[in-house]
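Each chain, letter by letter, is given below.
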Amino acid sequence: MGRELHLLTGLVLFSIWTKEKIHLKLQQMKILQIYLQLFITIQNFWGCNMDFICLDKEYANPVWLNPVNIQWKARHYECGEFSIQIRTEEYEPEFTYVYCDEREDMGIIQSIYQQKTIKGKFTQLSGFFLERLLHDYRITESVSCINKNICEYAVEIITKFVDQDEFVIDDYSEITDTITSQITEGYLDNVLFELLKTRKIAYRIYYDFKNDELHLKFVKGKNRTQSQSENNTVTFSEELKNLSNIEYKTDDSNYKNYAYVTGGDSETEPTKIIVDIRADGERRKEISVDASDIKKEEDISQSEFEEQLKLRGREELSKYNKIQNITFDVDNSLVKYIEDYNRGDMADVIISDMQAAYESEIVEVDEVLKANKHTISLILGDKIPVKYVRRQ
């Protein structure tokens, strides 16, 4: 192993200096990962601390890229996506996946675009992250549960519609949220994201190099606001000089807060309920929800059936939210992504110009690497207004 490690070290150093491509077998890749910190330290010295690496369809034969432009969009409640531009001479037809040594996400190369300009020949690799694998499956029949752990329910759905043993499910015993629900049809990834979002949970898929297998895990963001003391706090504000280029949007033109839900047998014995999510003093803004695909099964009570209809009503109303969206760039040297916060976390955001302060959920992290510049932009949603206090 010593000779093999020395050989790998020499190959990596040679690659860094000459920017030549390296081809390694999966076993060699595993050895290399043990000593990856050594190479990261060397690369940090030269001003590059993020490697992007392509793999073939067997998750093997890594090729280190020299990207011209990278866009890496990690989302909490939907599949993330990426786009990487490289010089065409670097491209190989075997490229199937791409990942970054400092990110857990792995991208599936689904689109390849090549062009020739006066600056040279370039190839654009783009696609979604591994969570998109569940988009290959459709839910074709009803699956229901009553007051069950939501992750256990999600695993039941996955097991029913996904090829056997495609994913290893990580332990989820720390997540104790329960749900009463009935799902009917749709693409599996979309259904799972919407289901889990009701409890502020998401799923991730990642590749385990050591055991050569795909894993699926459930994640729940941490509360990093000043209203709690369990986790480190994170506050973004111009006064703290850790955010810039703020874009703020609010729009309630499509907002609804009151749903008439009809389920069961719509012709003979329809069941009608009302879902009311109005805040104090709000006037009704109504929608009708056809939930005739949700039937009362023999093993559930009427109240449990109505709870399923209420969940459908809340799901439909969630599509008519007040839009409050904050986007801004962050200074990663002051508050570090991954180390101090991650997508799905709640953080404090202070917008002095609007005299507004929010406890907000980070729903998307967009990274752009171009011309030796690394920009991180955050998108936050589900704002909870808190009292604004002007800093002295």
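Residues numbered from 1 in each chain as written. Predicted model: local features only at pLDDT ≥ 70, side-chain atom pairs only at ≥ 80, totals over all residues. Heavy atoms only, no water.

By definition, the strands of a sheet pair up through backbone hydrogen bonds, in either a parallel or an antiparallel sense. Taken together, the 3 strands give an open sheet; going across it, the order is β19-β18-β20, and neighbouring strands pair in mixed fashion. Two strands lie at the open edges of the sheet, namely β19 (270-276) and β20 (286-291), each paired on one side alone. Taken over all neighbouring pairs, the strand axes of this sheet differ in orientation by 20 degrees on average, direction set aside. Note: strand β18 (residues 258-264) against β20, 6 bridges, orientation parallel. Residue Val261 lies in a different strand from β20, and its bridge partner there is Val289. Across the sheet, helix α6 (residues 302-317) is in contact with β18, β19 and β20; its angle to β19 comes to roughly 50 degrees. (Pairing = 2+ DSSP bridges. Helix = DSSP H or I, 4+ residues; strand = E, 2+ residues; numbered from the N terminus. Axes fitted to C-alpha atoms, helices over the stretch in contact; angles between N-to-C directions. Contact = heavy atoms within 4.5 Å.)

All right, on to the pairing of strand β1 (residues 52-55) then. Side-chain alternation along β1 places Phe52 and Cys54 on one buried face and Ile53 and Leu55 on a second face that is also buried. In the sheet, β1 pairs with strand β5 (residues 97-100) via 4 bridges, with the strands oriented antiparallel. Bridged to Cys54 within β5 is Val98. Bridge analysis of β1 against strand β2 (residues 63-64) gives 2 bridges, and the strand direction is antiparallel. (Buried < 20%, exposed > 50% of the residue type's maximum accessible area, 1.4 Å probe, protein only.)

Pairing between strand β11 (residues 168-169) and strand β15 (residues 213-220): 2 bridges, direction parallel. Considered in β15, the bridge of Val168 is made with His215. Pairing of strand β14 (residues 201-208) with β15, which is carried by 8 bridges, proceeds in the antiparallel orientation. Among the inter-strand pairings, Tyr207 is bridged to a residue of β15, identified as Leu214. In textbook terms, the turn of a hairpin is the stretch between consecutive antiparallel strands, and for β14 and β15 this stretch comprises 4 residues, one of which, Asp212, has a positive phi near 55 degrees.

For the rest of this paragraph, the subject is the confidence of the model for the chain. Mean pLDDT over the chain works out to 84, with 84% of the residues at or above the 70 mark. In this model residues 1-7 is a low-confidence stretch, pLDDT under 50, and it forms 6 contacts with partners more than four residues away in sequence or in other chains. For the stretch residues 30-48, pLDDT sits under 50, and the model shows 28 contacts to residues farther than four places along the chain or on other chains. (pLDDT = per-residue confidence, 0-100.)

Here we come to the nonpolar core. By size, the foremost hydrophobic cluster in this structure holds 44 residues, and its most contacted members are Met106, Leu134, Ile157, Tyr203 and Phe218. Per element, the largest residue contribution to this core is 8 residues, and it comes from helix α4 (residues 150-161). Of all hydrophobic cores here, the second largest spans 38 residues; its members include Cys54, Ile86, Val349 and Leu380. (Core = buried A, V, L, I, M, F, W, Y, C linked by side-chain atoms within 4.5 Å.)

Turning our attention to the packing of α4 against helix α5 (residues 188-197). One way to put it is that α4 packs onto α5 with a least axis distance of 11 Å and a crossing angle of 170 degrees. As far as their axial angle goes, α5 and α4 are roughly antiparallel. On α5, the residues touching Ile150, Tyr153, Ala154, Ile157 and Ile158 of α4 are Leu188, Leu192, Leu195 and Leu196. Each residue belonging to the contact of α4 with α5 can be placed in one class, and the counts come to 9 nonpolar, no polar and no charged. (Parallel < 35°, antiparallel > 145°, perpendicular 65-115°, else oblique. Nonpolar A, V, L, I, M, F, W, Y, C, P; charged D, E, K, R; others polar.)

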